[in-house]
Amino acid sequence: MTGTGGRDARRAGAPLPPGVAGPLSVVAFVCELGLLVLAGVTGWRLGQRLDVPGQDALAAVLAVLLVAVVVIVWARWNAPRSPSRLRWPWRYLTQLAPFVGVALLASLVGLGWWGAVLAVLAAVAFGFSRGGQDAATTSPPPR
């Protein structure tokens, strides 16, 4: 193959073209999915800790609410097609903020290690897999 993103180009050490996922991009995506799961479980457990009538309903509402907050933050500032997508390094900070926030809440319900491991994995994966995308996809103006 002689294309820019073909098998031979990758073997030769050529950078992947924009939009082609590398191994760390896959890890970053799995971290995003893990964040949604951890947010839901954390919200459920937070609701279960409160001794109120309708505890299960409250737990379900908190689980959905926490997942919704994560999705809204992500869609607003981090999604590739968002009109208000932040540029690097601000986007990196808004990518990590939900991980840190959910990790802190998860530590309240006994899931601190899950939150910490997920946050560290996400920090590494997002930092290395997506850090230079803004610079790589925008070329300097011609002279």
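Conventions and cut-offs
Residues numbered from 1 in each chain as written. Predicted model: local features only at pLDDT ≥ 70, side-chain atom pairs only at ≥ 80, totals over all residues. Heavy atoms only, no water. Phe/Tyr/Trp six-rings, centres within 6.5 Å; stacked < 30°, edge-to-face > 60°. Helix = DSSP H or I, 4+ residues; strand = E, 2+ residues; numbered from the N terminus. Buried < 20%, exposed > 50% of the residue type's maximum accessible area, 1.4 Å probe, protein only. Patch = residues over 30% accessible without salt bridge, like charges linked within 9 Å, V, L, I, M, F, W, Y side chains within 5 Å. Areas by Shrake-Rupley, 256 points an atom, 1.4 Å probe, with all protein chains shown as cover. Salt bridge = Lys/Arg side-chain N within 4 Å of Asp/Glu carboxyl O. Expected span 1.5 Å × (residues − 1). Arc of directions from axis to C-beta. Core = buried A, V, L, I, M, F, W, Y, C linked by side-chain atoms within 4.5 Å. Contact = heavy atoms within 4.5 Å. Polar contact = N/O pair within 3.5 Å; in protein donor to acceptor, adjacent residues only side chain to side chain. pLDDT = per-residue confidence, 0-100.

### Some words on the packing of aromatic side chains
Aromatic ring pairs are reported here in terms of the distance separating the ring centres and the angle at which the planes meet. In this structure the tally under the stated criterion is four aromatic pairs. Both rings, one in W74 and one in F126, keep their centres 5.6 Å apart while their planes meet at 45 degrees; by these two values the pair is tilted. Within this pair, whereas W74 is found in helix α3 (residues 55-77), its partner F126 is found in helix α5 (residues 112-129), the two being separated by 52 residues in sequence. There is no split in this pair, since W74 and F126 are both buried. Between W88 and Y92, the aromatic rings sit 5.1 Å apart at their centres with planes inclined by 45 degrees, giving tilted as the arrangement. Here a set of aromatic residues connected by ring pairs shows up, and it is made of W74, F99 and F126.

### Observations concerning a nonpolar patch on the surface
Taken together, L24, V27, W113, V117, V120, L121, V124 and F128 make up a surface patch of nonpolar side chains, about 830 Å² in accessible area. When residues of the nonpolar patch are traced back to their parent elements, those giving at least two are α2 (23-49) and α5. Tracing the chain through its elements places V124 in helix α5.

### Digging into α5
In this model, α5 (18 residues) spans 25 Å end to end at C-alpha, consistent with the 26 Å of a helix rising 1.5 Å per residue. Regarding α5, the residues found buried are G115, L118, A119, A122, A125, F126 and S129. Buried residues of α5, viewed axially, fall in a sector of 140 degrees; they line one side. Of the residues in α5, the exposed ones pointing more than 90 degrees away from the buried face are W113, V120 and F128.

### As for the nonpolar core
Counting residues in hydrophobic clusters, the biggest one holds 20 residues, and the most contacted among them are L35, L38, F99, V102, L118, A122 and F126. Those elements that place two or more of their residues in this core are α2, α3, α4 (90-108) and α5. The residues touching V102, leaving out its near neighbours within four places in the chain, are L35, L38, A39, T42 and V70.

### Points about the side chain of T42
In this fold, T42 is placed in helix α2. A polar side-chain atom of T42 sits 2.7 Å from the main-chain carbonyl oxygen of L38. Contact partners of T42, with chain neighbours within four places excluded, come to L66, V102, L105, A106, V109 and L111.

### With respect to the environment of V70
Relative to the helices and strands, V70 resides in helix α3. Separated by 35 residues in sequence, V70 and L35 place their C-alpha atoms 8.3 Å apart. Once residues within four sequence positions are removed from consideration, V70 is found in contact with L35, L36, A39, P98 and V102.

### Description of the confidence of the model for the protein
As a general rule, the predicted coordinates of low-pLDDT regions are not to be interpreted in detail. Mean pLDDT for the protein: 79, with 76% of residues reaching 70 or above. This model gives residues 1-6 a pLDDT under 50, and the stretch forms eight contacts once residues within four places in sequence are excluded. Confidence over residues 8-12 falls short of pLDDT 50; this stretch has six contacts with residues more than four positions distant or in other chains.

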